[in-house]
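Read off the chains here:
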Amino acid sequence: MHPLLKHGSLGYFWWFILVAHLYTSSSVQYGSSGKRLEDWSLDSQLLLSDSSQSSSTTHTEVVDSVSCEDLGGVGSFNTTCLIKSNLSLNSDLHVYGTGNLEILRHVSVICAVEGCTVKFNLSGNVKVGHHASIIAGSVVFSAANLTMDYDSTINTTSLGGLPPSQTSGTPFGYDGAGGGHGGRGASCVKSNKTSNWGGDVYAWSSLAEPWSYGSKGSGSSAKTPYGGNGGGRVKLLVSDTLYINGSVISEGGIGGSNNGGGSGGSIFVHAVKLKGYGTISAAGGTGWGGGGGGRISLDCYSIQEDVKVTVHGGLSIGCPGNAGAAGTYFNADLLSLRVGNDNITTETETPLLDFPTRPLWSHVFVENNAKVLVPLLWTRVQVRGQISLYCGGSIIFGLSDFPVSEFELVAEELLMSDSTIKVFGAFRVAVKMLLMWNSQILIDGGGNTVVTASVLEVRNLVVLRQNSSISSNANLGVYGQGLLRLTAHGDAIKAQRLSLSLFYNITVGHGSLLQAPLDDDASRNKVTQTLCESRTCPMDLITPPDDCHVNYTLSFSIQICRVEDLLVSGLVKGSIIHIHRARTVIIDTDGLMTSSELGCSEGIGKGNYSSGAGSGAGHGGRGGSGYYNGRMSNGGNKYGNADLPCELGSGAEGPDHSYGDAVGGGMIVMGSIQWPLLKLDLYGSLSANGQSFAKATRNANGSLIGGVGGGSGGTILLFLQELMLAENSSLSVLGGNGGPRGGGGGGGGRVHFHWSKIDFGDEYTPVASIGGSINNSGGVGNDRGLYGEKGTTTGKKCPKGLYGTFCRECPIGTYKDTAGSDEHLCIPCSLDLLPSRAEFIHMRGGVTKPSCPYKCISDKYRMPNCYTPLEELVYTFGGPWPFAIVLSCVLVLLALLLNTLRIKCVGSGSYNSEASIEHHSHHHFPYLLSLSEVRGTKLEESQSHVHRIYFMGPNTFREPWHLPYSPPNAIIEIVYEDAFNRFIDEINSVAAYDWWEGSVHSILSVLAYPCAWSWKQWRRRSKVHRLQEFVKSEYDHSCLRSCRSRALYKGMKVGAAPDLMVAHIDFFLGGDEKRVDMVSIIQKRFPMCIIFGGDGSYMSPYNVHSDALLTNLIGQHVPATVWNRLVAGLNAQLRLVRHGSIRSHLVPVINWINSHANPQLEFHGVKVELGWFQATASGYYQLGILVVVGDYPLQNLDQSEVLDRSNSETPRINVACARSTIKQSQQSLPYIGHALPIKKITGGINGGLINDTTLTSLDFRRDFLFPLSLLLHNTRPIGRQETLQLLITIMLSTDLFVTLLTLLQFYWISLGAFLSILLVLPLSLLSPFPAGLNALFSKEPRKASLARVYALWNATSLSNIAVAFIYGICHYGFSSFQPPDKENSWNIRREDDKWWLLPTILLLIKIIQARFVDWHIANLEIQDYSLFCPDADAFWAHEGGS
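First, a word on what this report is: a plain description of the structure on this page. (Residues numbered from 1 in each chain as written. Predicted model: local features only at pLDDT ≥ 70, side-chain atom pairs only at ≥ 80, totals over all residues. Heavy atoms only, no water.)

### Quick look at the nonpolar core
We apply this condition: By nonpolar core is meant a set of buried Ala, Val, Leu, Ile, Met, Phe, Trp, Tyr and Cys residues that side-chain atoms within 4.5 Å join together. Exposure categories follow from relative accessible area, calculated using a 1.4 Å probe and restricted to protein chains: below 20% of the type maximum is buried, above 50% is exposed, and the middle band is partly exposed. For the purposes of this entry, the term helix denotes a DSSP run of H or I that reaches at least four residues, the term strand denotes a run of E that reaches at least two, and both are numbered from the N terminus. Between two residues, a contact is recorded if the distance between any of their heavy atoms is within 4.5 Å.
In terms of nonpolar packing, the biggest core is built from 90 residues, with F427, M593 and L686 touching the most fellow members. Sort the elements by how many residues they give to this core and strand β31 (residues 420-437) lands first, with seven residues. Setting aside chain neighbours within four positions, we find F427 in contact with F397, F407, L409, I421, I441, I443, S454, V455 and L456. In this structure, Y815, V874, A1347 and W1395 belong to the second largest nonpolar core, which totals 61 residues.

See below:
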């Protein structure tokens, strides 16, 4: 009994029996073959000899029966057998059982006999322990599960038996070549030209279940005829799981340094699951020539990738770079073949013979420097999945000596990485995807026209990357339905003739290449020969066939057919490039499509070489003549049709063929008549230039001779719909330059654009956008050689309205009514039909009739005459003059209607010339009645009147009225001084204005000055009422000494002039004073100072306001009629005085006083003098007259008396302040030579007399409104009031209409101009009309004041006119400096050069209107014209009327 059975437990034993029974009673299927385990079981019995001790090696012989104990094991093959001792066999061993088998650690089963077979056919599990090994010629395991522990081995290396008969696995001779099996053995013999391998392959038919021995390598001599033995055989049949953590080896034997290595054997594995980290190897053996790899087939449903499978060829010692060829590794479950050489370099192929068609293999992998050969003629390599070549793998189709066959490769995908496919013959590929990475497909047609064209049909995707290329020296077609992409530098497709068709997109990346023919002249001549010798146009280029098949009888060298989009960023190079039935072609910035220097070597227009002078070839232009040593060679002739060119450029011949020729340009044709190209976008270059002959030409003795001429440019024929030539792009058919020493330049080629669809009229779209260059120049002649003539650039004839090569629209202002492309067919349009403010405009599709369309130069003008609305209105009436006449009539009728309505509403404007000016002076301002008169003045008031104190200041918001401190001498006796000073404080505070009143006035002064004036008058009137109420009701009169005056509040009264410029306080006696005091007080009334109202402005002229009190006081000395006449006459003179020119205007007043007033008054003992009074700190002073009664010595007082003589009087608190104020005021006015001590004689009013001597030193100031005084000033009356009012009505209506027309005109200039003129200043432009109507339709006493407001609005509106002029000058002045539009340079008419007309007319109307209003106001205010009588007697003759 086995020791295990002696010492093991009984339960353990029965467990093994149960498992064995389960495995033997059931059938197990595996792999894809569906065979049962019993198919591989053997019925033979094992015969074993007697065995020795278990610890020693057991030698066995075949006997009739064998047991586990016979093998030195423990147990039974029907239960469990444990082999624990080494076995050394000398014959076959067959073990059969239904149990389990375990070969323990470090146990070896060895049968070191070539071809010796060891078979274990068990129904249970088999385990090979650590470092255990099974060595034999053939090893077969059949089990449910097989486990090989780490470092365990099944090894048949170099123990192979005889290979199948009639095979050539063992090489002949004694070259030390390796044996062949799955791959050929290597041969290191260099001179062997018939075969460069050793042993050949065999057993291709049993690729799925290999069971052949490897072959021996050849020896080096007859003594050693063989090298290393071939590998043995291994078959592992496992119904479930195979664990390989050791190694299964069937490698060829080592041949040594002189003999060839043996080839690998066969390994077949069948299991459901293959797991582990072990190795399966059928590699060739190392020798002088390495042996070929064997064959491995794995029929497993699941294979763990960690299991290493290798079938590489053996290393060659004699030629290290040529190891044995790789064997085959076949996955029988997936039906895939893998040929890999584990990156061992070899030049020896692994032939693949016929491929099965039922079932088709799934994949073929050639990798790791393996070389595969498909040697059979007309072989079809077809798989269901991928054919992949990786890491130096290569496939060779056919034999290099017989490139006459045709090979097919059919798969889903062809994937290549760092690999090569070589084809000798024709190659047809049908795949869905072709991906190449640093790989090449090389097709050698052998130059035999019998060989059909190679066709690569890739339905979805073709991508070449990292220097990948497809090359053929015969015809090549690449078909597809998806994308063809040459990615980057080094990627190329080259052929003798190349056809790319049916792709959706073709991309030629940066640095990549499409080329046909190849670079040699023979290839080029083969393609171009028939065209170079023919003068007829090849119809297959004009109307090519639709099938897009490769046909060497066609004219193209590169055909791109039925491709949606072509993107060229690299190089497309060919003699005849034909792009047919494509949609768009884009040549990128770095892209180049060229047929330059690929045309004819000679051709129809070839350049000649005669007497050492070489002339340039001709084509579109004649070639330049060559010149050498005084001899001239004429250039080649022109040929071809410029309107449909289809010829190659011609070459220029040299002295003989050894020097070479200058080749002409080729031909590029895009589209066809039937299928034009949709769009060509050119960012790079498109060229068909002739060759320039640069090298010097020498004769036989080495001396230089005349140079060869340049080749002529080729042809670029474009049938297309749209062209875009980007900036810096180029399209050229240049002639080549002549060679050194007098070579003539080649003629330029021909370019023709055959537009397929030229829309015209409203449907026109440009067919071309040209930003780059189109060059058809001839080549440059060298030395004295002549330049080649320029070629031709033509286009299809353009329809009406379009011209030129690119059928552009005729220039603006021209028309074309005939078909053709000549620029001169565009005829200039007539300018007589063009309005002055119009310019010709672009019309889509060009103009086809002599009447060119135009538009106004601005949208504010209206078609068809380009008039503004104003001009349309004017020309509706026949033009400016008829319109002016009609408008004048309308204005006159309107004025008559208004005048009639005014007379009916207001009454006649005639006035009684005898009426007193005094009456008018009280009413020429609205509501400016003397407030003292409103209160009434009684006669007894004049008798009790003591003194009148005038307020100082102009009564403005900045300087309001105020009274000086310290009572005058005239009232010092009737007032208390302290109480009086307190009264001054109170009344000055009442007279002051609030800050907001001045702010409103400032704002209105900016926005609307007439409103500001009305506001100021309103606030002045309110201030006077406030002062009167304060003195009358609020103040207690405590400053008066009279008890009666304090009790009755009648000692003081406030009064003001009608213009509110002068106010005063009258002091009266109370009646309870002493009689003596009353007499002395009354005697101090004279000399009396009467201050003028007004300020010398247009709105407030100077005037003397003589109220009833003043008249009664003066009437005590002068009759009232005389005084009233004097006042009226003086006011008539004063109203003409303007403050801004006061020095010159006071002279007539002084003269009038001396000539008219004083001579009459002196008769009554009274005299008046003109003077200035009450100067303030700001420099403001008031004018007035000094009335002197009796013989008062006015002219005998010296200067010192001007000063205040009240210093000797009792000091008062506020006297110093008053004196300083007076002194400052007097310092602002130069002292007068014969001044009057007015302050003394008037009771405290400071000032000085004005006469001819002192007038020049009179100071005055001009405010910002002074320029208006040039337009508005008071004048003398002129009479004819009704006529004047009618004229004013006419001018007022005219003003309104012209204003509206002006606004309308500037509105059509711009809305900004309209708003600026209307709102700067606001309301000023339109207010004169309502103000004028208000003045005309008003009644006395407000008529004159409203007329002045009307005049003020009229003057204010001049600012709006100034804005109109400024805007017009800026707008039209700047526009005149702008350069005219280039497209309308023939029309330099100004937009509008009469914009100033209406503003000028409006300005004149307002000036005339202002003068009429001045006269109207004078007529209203001065109704007695005798007041201006220069004769004093005549003046006083009307005294009674006054």
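### A closer look at the state of the cysteines
Note the cut-off: Cysteine sulfur atoms are paired as a disulfide whenever they fall within 2.5 Å.
For the structure shown, the criterion picks out nine disulfides. One disulfide bridge connects C68 with C81, the sulfur atoms lying 2.0 Å from each other. Linking C68 and C81, the disulfide has an S-S dihedral of approximately 85° and is accordingly described as right-handed. In this pair, C68 is assigned in the loop between β1 (58-60) and β2 (73-75) and C81 in strand β3 (residues 80-83), connecting sequence segments 13 residues apart. The buried category is assigned to C81, whose relative accessible area is 0%. Between the sulfur atoms of C829 and its disulfide partner C852 the distance amounts to 1.3 Å. Taken together, the residues C829 in the loop between β66 (827-828) and β67 (838-840) and C852 in the loop between β67 and β68 (854-856) connect sequence positions 23 residues apart. A relative accessible area of 9% means that C852 is categorised as buried.

### A look at the packing of helix α23 (residues 1343-1356) against helix α25 (residues 1397-1421)
Applicable threshold: Only C-alpha atoms enter the line fits that serve as axes; for helices the fit covers just the stretch in contact. Angles between N-to-C directions range over 0 to 180 degrees. Working definition: roughly parallel below 35 degrees, roughly antiparallel above 145 degrees, roughly perpendicular at 65 to 115 degrees, and oblique for all remaining angles. Should the near helix be turned anticlockwise from the far one by less than a right angle, the crossing is termed left-handed; should it be turned clockwise, right-handed. Gly counts as polar in this scheme, as do all residues outside two lists: the nonpolar Ala, Val, Leu, Ile, Met, Phe, Trp, Tyr, Cys and Pro, and the charged Asp, Glu, Lys and Arg.
Viewed as axis vectors pointing N to C, α23 and α25 meet at an angle of 165°, and their least axial separation amounts to 10 Å. Compared by their axis directions, α23 and α25 come out roughly antiparallel. In this structure, α23 crosses over α25, and the sense of that crossing is left-handed. Facing K1343, A1344, A1347, R1348, Y1350, A1351 and N1354 of α23, the residues of α25 in contact are K1406, Q1409, A1410, V1413, H1416, I1417, L1420 and E1421. When its residues are assigned to classes, the contact of α23 with α25 shows eight nonpolar, three polar and four charged.

### Quick word on the environment of D299
Locating D299 in the fold gives a position in strand β19 (residues 295-303). Among the residues examined, D299 registers a relative accessible area of 5% and is labelled buried.

### A short note on α23
It helps to recall that an α-helix has 3.6 residues per turn; residues three or four apart then point in one direction. Selection criterion: Expected span, for any helix, means 1.5 Å times one less than how many residues it has.
With 14 residues, α23 should cover 20 Å at 1.5 Å per step; its first-to-last C-alpha distance of 20 Å lies within 8% of that length. Taking burial as the measure, the 14 residues of α23 include 14 buried ones, the bulk of the element.

### Some remarks on helix α10 (residues 977-991)
Taking 1.5 Å per residue as the helical rise, α10 with its 15 residues ought to reach 21 Å, and the 21 Å between its terminal C-alpha atoms agrees with that figure. The set of residues buried in α10 consists of A979, F980, N981, F983, I984, I987, N988, V990 and A991. As for α10, its buried residues are in contact with β69 (945-950), α12 (1009-1034), β70 (1052-1056) and β71 (1063-1068).

### With respect to the packing of aromatic side chains
Geometrically, a pair of aromatic rings is defined through the distance of the ring centres and the angle of the planes. Definition in use: Aromatic rings from Phe, Tyr and Trp, with only the six-membered ring used for Trp, were paired whenever their centres fell within 6.5 Å, and each pair was classed as stacked if the ring planes differed by under 30 degrees, edge-to-face if by over 60, and tilted otherwise. We call a charge positioned above a ring when the Lys NZ or Arg CZ atom is no farther than 6 Å from the ring centre and deviates by at most 35 degrees from the ring normal.
Evaluated as defined, the whole model comprises 27 aromatic pairs. Note on F330 and W361: the rings are 5.2 Å apart at their centroids and 55° apart in plane angle, and the pair reads as tilted. Of the two residues, F330 sits in strand β21 (residues 328-331) while W361 sits in the loop between β23 (350-351) and β24 (363-367), which places them 31 residues apart along the sequence. Consider the rings of F1030 and Y1035, whose centres lie 6.0 Å apart with planes at 25°: the pair is stacked. You'll find F1030 and Y1035 in the same group, each marked buried. Through a chain of ring-to-ring contacts, the aromatic side chains of F980, F983, F1030, Y1035 and F1067 assemble into a single cluster. Sitting over the ring of W675, R581 keeps its end group 3.8 Å from the ring centre. Just above the ring of Y1098 sits the side chain of R1348; from NZ or CZ to the centre is 5.1 Å.

### Brief notes about the sheet that holds β71
Keep this limit in mind: A strand pair is defined by DSSP finding two or more bridges across the two strands.
If you walk across this open sheet you meet the three strands as β69-β71-β70, and the pairing is antiparallel. Whereas interior strands pair on both sides, the edge strands pair on one side only; in this sheet they are β69 and β70. Each strand axis lies, on average, 25° off the axis of its neighbour in the sheet, ignoring direction.

### So, the sheet that holds strand β75 (residues 1247-1249)
Reading across from one edge, β72-β74-β73-β75 is the order of the four strands in this open sheet, with antiparallel pairing throughout. At either end of the open sheet lies a strand with only one pairing partner, and these are β72 (1088-1091) and β75. Direction aside, neighbouring strands of the sheet carry axes that sit 35° apart on average. Examined bridge by bridge, strand β73 (residues 1166-1173) and β75 share three bridges and lie antiparallel to one another. Paired with W1172 across the bridge in β75 is G1248. Against the sheet, helix α17 (residues 1142-1161) touches β73 and β74 (1182-1189), its axis set at about 160° to β73.

### Remarks on the environment of L483
By the element assignment, L483 lies in strand β36 (residues 483-486). The sequence separation of L483 and T507 amounts to 24 residues, and the corresponding C-alpha distance is 7.9 Å. For L483, the residues in contact, after removing those within four places along its chain, are N460, L461, V462, F503, N505 and T507.

### Some details on a nonpolar patch on the surface
Filter applied, for reference: Residues form patches when they are more than 30% accessible in relative terms and have no salt bridge. Like charges link within 9 Å. Nonpolar side chains (Val, Leu, Ile, Met, Phe, Trp, Tyr) link within 5 Å. Note that accessible areas follow from Shrake-Rupley with a 1.4 Å probe, and for residues the cover is restricted to the protein chains shown. When a carboxyl oxygen of Asp or Glu is within 4 Å of a side-chain nitrogen of Lys or Arg, the pair counts as a salt bridge.
A surface patch of nonpolar side chains, about 440 Å² in accessible area, is lined by Y1307, L1311, L1315, L1319 and V1320. In terms of residue count, helix α21 (residues 1311-1319) provides more of the nonpolar patch than any other element does, three residues in total. Structurally, L1311 can be placed in helix α21.

### What to know about the pattern of salt bridges
This structure, assessed with the given rule, holds 27 salt bridges. In this structure, E653 engages K606 in a salt bridge whose closest nitrogen and oxygen atoms are separated by 3.8 Å. Separated by 47 residues along the polypeptide, E653 in the loop between β50 (631-633) and β51 (667-670) and K606 in the loop between β46 (592-594) and β47 (609-610) bring together distant segments of the chain. When the shortest N-O distance is used, the salt bridge between E722 and K679 registers 4.0 Å. With a gap of 43 residues between them, E722 in the loop between β56 (715-720) and β57 (723-725) and K679 in strand β52 (residues 679-682) connect regions that are remote in the sequence. Residue K679 is classed as partly exposed on the basis of its relative accessible area, which comes to 25%. Through salt bridges with shared partners, one network takes in R184, D200 and E349.

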